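# Structural overview
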Amino acid sequence: MTDTPNARLTRRTALTLMAGALATPALIRSAHAQGYPERFITFIVPFAPGGPTDVMARVLAGPLGEVLGQSIVIENRGGAGGNIGIGAVARAKNDGYTMLLTSSAYVVNPSLYKNVPYDYKKDFLPVANLGSSPNVFVANPQAGIKTLADLIKMAKAEPGKLSYGSPGAGTTPHLAMELLKKRAGIDILHVPFSGAGPAMQAVLGNQVPLASTALPPAHPQIKSGKVIGLAETGATRWFDLPDLPTVMELGFPDFESETFQALFAPTGTPQAVIDKVSKAAISVLQRADIKEKLAKAGFGVIAQGPAALQAVVDKEVPMWREIIVSSGISVD
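First, a word on scope: everything that follows refers to the structure included in this document. Keep in mind the model is a prediction, meaning the values are calculated, not measured.

### Brief notes about the packing of aromatic side chains
For the coordinates displayed, the defined rule picks out eight aromatic pairs. Centre to centre, the rings of Phe252 and Phe255 are 6.4 Å apart; their planes meet at 70 degrees, and the pair counts as edge-to-face. For the pair formed by Phe252 and Phe255, the shared burial category is buried. A network of ring pairs unites the aromatic residues Tyr106, Tyr118, Phe124 and Phe264 as a single cluster.

### A look at the side chain of Ser212
Within the secondary structure, Ser212 is located in strand 7 (residues 210-214). Given the relative accessible area of 0%, Ser212 is considered buried. A distance of 2.8 Å separates a polar side-chain atom of Ser212 from the backbone oxygen of Pro173. When residues no more than four places from it in sequence are discounted, the contact partners of Ser212 are Val136, Phe137, Tyr164, Gly165, Ser166, Pro167, Pro173 and Met177.

### Some remarks on the packing of helix 7 (residues 196-204) against helix 8 (residues 215-224)
With their axes 9 Å apart at the nearest point, helix 7 and helix 8 run at an angle of 30 degrees to one another. Put simply, helix 7 runs roughly parallel to helix 8. Taken as a pair, helix 7 and helix 8 cross one another with a handedness that is right-handed. Across the interface between the two elements, Ala196, Met200 and Leu204 of helix 7 pack against Pro217, Ala218 and Gln221 of helix 8.

Reading the values: the criteria
Residues numbered from 1 in each chain as written. Predicted model: local features only at pLDDT ≥ 70, side-chain atom pairs only at ≥ 80, totals over all residues. Heavy atoms only, no water. Phe/Tyr/Trp six-rings, centres within 6.5 Å; stacked < 30°, edge-to-face > 60°. Buried < 20%, exposed > 50% of the residue type's maximum accessible area, 1.4 Å probe, protein only. Helix = DSSP H or I, 4+ residues; strand = E, 2+ residues; numbered from the N terminus. Polar contact = N/O pair within 3.5 Å; in protein donor to acceptor, adjacent residues only side chain to side chain. Contact = heavy atoms within 4.5 Å. Axes fitted to C-alpha atoms, helices over the stretch in contact; angles between N-to-C directions. Parallel < 35°, antiparallel > 145°, perpendicular 65-115°, else oblique. Left-handed = near helix turned anticlockwise from the far one by under 90°.

Below you can see the structure in the form of structure tokens.
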């Protein structure tokens with residue numbers, strides 16, 4: 001049977017309408033991305049206020065909002081070593097108005113927890129690697145611990161008596177102290193908090209004699225003498241803390257450990273949005289005044305885009321898995 005002209009026209013019209021319907025979501029996303037941002041953007045920080053991730057977010061938010069032309073709101077959702085906040089962003093709408101500003105917990109948690117509320121391979125797109133900082137061990141002045149050697153000596157004399165606070169189970173400061181415990185053969189009780197801010201408050205209030213955190217929240221307290229810096233985990237001494245030795249200097253080789261801060265977006269966020277935010281963030285981080293502010297807070301600026309951040313994720317997930325397995329570290 002031969003198609004009539006009307007039948008061919010009807011079929012062609014149907015195919016055209018079908019193609020248009022399939023293309024519409026992509027066109028909508030493209031149009032949306034061109035006008036982005038049209039309202040405020042939320043950065044979810046998966047830790048309590050006052051910690052390094054929160055500090056990075058608040059230093060970045062103001063000038064980045066100015067570049068993008070909209071305000072950036074910081075929302076702290078601490079708990080479960082960062083899993084609560086990370087999981088919230090994994091389930092967020094992928095329109096570019098909710099993003100995750102997180103620490104190295106993002107690459108550590110998949111190996112540390114039996115169940116994590118996100119899939120680091122599928123749920124997120126990298127936006128920018130912002131900066132990093134070494135971890136640091138500090139003591140309350142009333143603890144009678146002035147050096148790392150003092151800590152080890154006291155811990156060996158009374159196993160299990162000392163305790164230390166960390167930003168949470170599975171954070172790199174927690175893993176750094178657990179690695180020290182294993183390497184030094186000591187037993188110290190771990191007390192996890194919902195972020196570095198609460199952990200530092202606990203050591204300042206002598207609720208715990210020791211803390212292990214990333215450098216930024218401890219930096220002003222070490223400078224002021226409110227806590228004693230015992231050692232830091234960088235490759236070299238921090239530029240304005242010349243009396244604070246590295247752990248490697250003190251007899252523990254291959255002990256370099258840093259906490260990165262990075263920006264991610266839910267999978268499906270338009271690439272044009274990712275590129276716009278990434279370019280804007282890098283431009284802000286490259287400013288001399290921002291670099292100086294972050295350096296004084298204890299951060300080294302990285303300022304790299306999506307591809308470089310993805311490379312870090314691909315490298316560090318297996319790296320931390322190996323450290324966790326070999327050290328026998330676990331989270332209940």
